[in-house]
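If you want the building blocks of each chain, they are given just below.
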Amino acid sequence: MITQNVPKNLPRIKVGLALSDAGFYHRETMRLPEDLSEFFQRYQDKFETEKLFFELQPEMPWLKKKGDFSYVADEDNRWLKLGRAAEQGATGEPYASIIEAMRRPGHIFGVHQSIRDMDILSEDIHKKLETIESTQQGMLFAHLISADYFVFHLAQSKDYWDWNRSEQIAVALKAFQGWADFYKQSGFSFIPIIENLEFPKFPATPEEMVSIFKTCREFLPNLKICFDVSHFWRSRALILENKVRFEHLIPNFRILEASCSDYLDYAIEHIFTAEAGLSDGDIFLYHLGGCWKHLTHEIPGLRPGESPFLHKLRLDEPVYAYHPQVEMNLPKVINRLLRYNIERRQDVLIMLEIYQRNYIEMLEAARLIYDDIVKKARRIAEDTRRYAYLWEDK
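Presented here is an overview of the structure given in this document. (Residues numbered from 1 in each chain as written. Predicted model: local features only at pLDDT ≥ 70, side-chain atom pairs only at ≥ 80, totals over all residues. Heavy atoms only, no water.)

**Concerning the pattern of salt bridges**
- Inspection of the entire model under this criterion finds 34 salt bridges.
- Between Glu 364 and Lys 46 there is a salt bridge whose closest N-O contact spans 2.8 Å. Placement of Glu 364 in helix H12 (residues 359–383) and of Lys 46 in helix H1 (residues 36–47) is noted, with a sequence separation of 318 residues between them.
- Glu 364 sits in the buried class, given a relative accessible area of 10%.
- Residues joined by salt bridges that share partners form a network here, namely Lys 46, Glu 364, Arg 367 and Asp 371. (Salt bridge = Lys/Arg side-chain N within 4 Å of Asp/Glu carboxyl O. Helix = DSSP H or I, 4+ residues; strand = E, 2+ residues; numbered from the N terminus. Buried < 20%, exposed > 50% of the residue type's maximum accessible area, 1.4 Å probe, protein only.)

Structure (structure tokens):
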């Protein structure tokens, strides 16, 4: 771990892990949510900190069908049992220690909307209704465990390439307005967040992110953005592959054709701005997975199949070491995001989304990535006088 002095006012930097019962990476050795306490302890040991940072994505069915158009809670859902235990103040294990950890000051916990087999855009009214009510159950779960935030997907499991995009967005926005009403009527206090998604889901482009965010914020004024870097990478590639059909979505298409990092620079400098309607702090969280060709949830800095115990994470290689059509230039992207947050004096919250890896590899990678990000932030502070506030006494 990093022990040297850092600038006095460096924004808080946290690297967390996304966990889902649908993930293959821990299924052989851990059971979610029952074994969360063990995961929490291993995180604390690895990072040498008491502060936890996790995002939970339940994918067990929340509901059972009761009639043609009605559902009841699925009592076999183990996440539901955890939520009920939290509501009732359970003192027995395995839930008591999990609940106590989640509610401890200083920890950050998020909940991600369940998306497996969900589809708000479906023509099947039963599937649409199931998606609406399952999302409400997920929101209630987030409230019961005292989660800090909840991530919404405006589109879920199915891609609609041939359906008019504006019509799709209109349907999703109507559903989101319903979830916003449920949020307000229930008196929830967690931060609601929308995430950019992989094209043709939405929002996928920087322009869509800002436009849809501003519309959704009319329903929930405390709404924030999760900028998923991996979705941003893959959406760019998919739009390029389908340029003839979707070129109109990008006003300055030449920027998209340059490189992912150039496209990110363009988004930050020209789209994610106050002039476009974003305020400091509107981007609350980053999702990050390792991007390699069509894959988006590998270990950042490693190629598919590589292990953080056997291979060096490629977090600070020269530009020429990254093939722009094959892998993301990770150091350039991370440096750009750090500068964005440092300029705005806001915390850097990065949630790693890594699939099909065991939890020991995930924890090791997260620690190495955290150390590298802190070094990069310190280097930014040392290399320029533009951020003098970092060194000033408060």
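**Digging into the side chain of Lys 14**
- Summarising the element assignment, Lys 14 is placed in strand E1 (residues 13–20).
- Among buried Asp, Glu, Lys and Arg side chains, Lys 14 stands out as unpaired, with Asp 347 the closest opposite charge at 9.0 Å. (Lys, Arg positive; Asp, Glu negative; His and termini not counted.)

**A closer look at the packing of aromatic side chains**
- All told, the structure shown has 28 aromatic pairs when counted by the stated rule.
- The interplanar angle of 20 degrees and the centroid separation of 4.3 Å between the aromatic rings of Tyr 43 and Phe 47 together place this pair among those described as stacked. With Tyr 43 and Phe 47 both in helix H1 and four residues apart, the pair spans about one turn of that helix. Comparing Tyr 43 with Phe 47, the two get one shared label, buried.
- Taking 5.7 Å as the distance between ring centres and 45 degrees as the angle between the ring planes, the aromatic pair formed by Trp 62 and Phe 141 counts as tilted. In this pair, Trp 62 is assigned in the loop between strand E2 (53–57) and strand E3 (63–67) and Phe 141 in helix H4 (residues 125–144), connecting sequence segments 79 residues apart. We note that Trp 62, like Phe 141, is buried.
- The ring of Tyr 340 is capped by Arg 344, whose NZ or CZ atom sits 3.7 Å from the centre of that ring. (Phe/Tyr/Trp six-rings, centres within 6.5 Å; stacked < 30°, edge-to-face > 60°. Lys NZ or Arg CZ within 6 Å of the ring centre and 35° of its normal.)

**Structural notes on unusual backbone geometry**
- Of note, the bond from Phe 199 into Pro 200 is cis; its omega dihedral lies within 30 degrees of zero at 10 degrees.
- Of note, Pro 200 is situated in the loop between strand E7 (191–195) and helix H6 (206–219).
- A cis amide bond, omega -5 degrees, links Phe 202 with the succeeding residue Pro 203.
- Located in the positive-phi region is Asp 117, a residue other than glycine, with phi close to 65 degrees.

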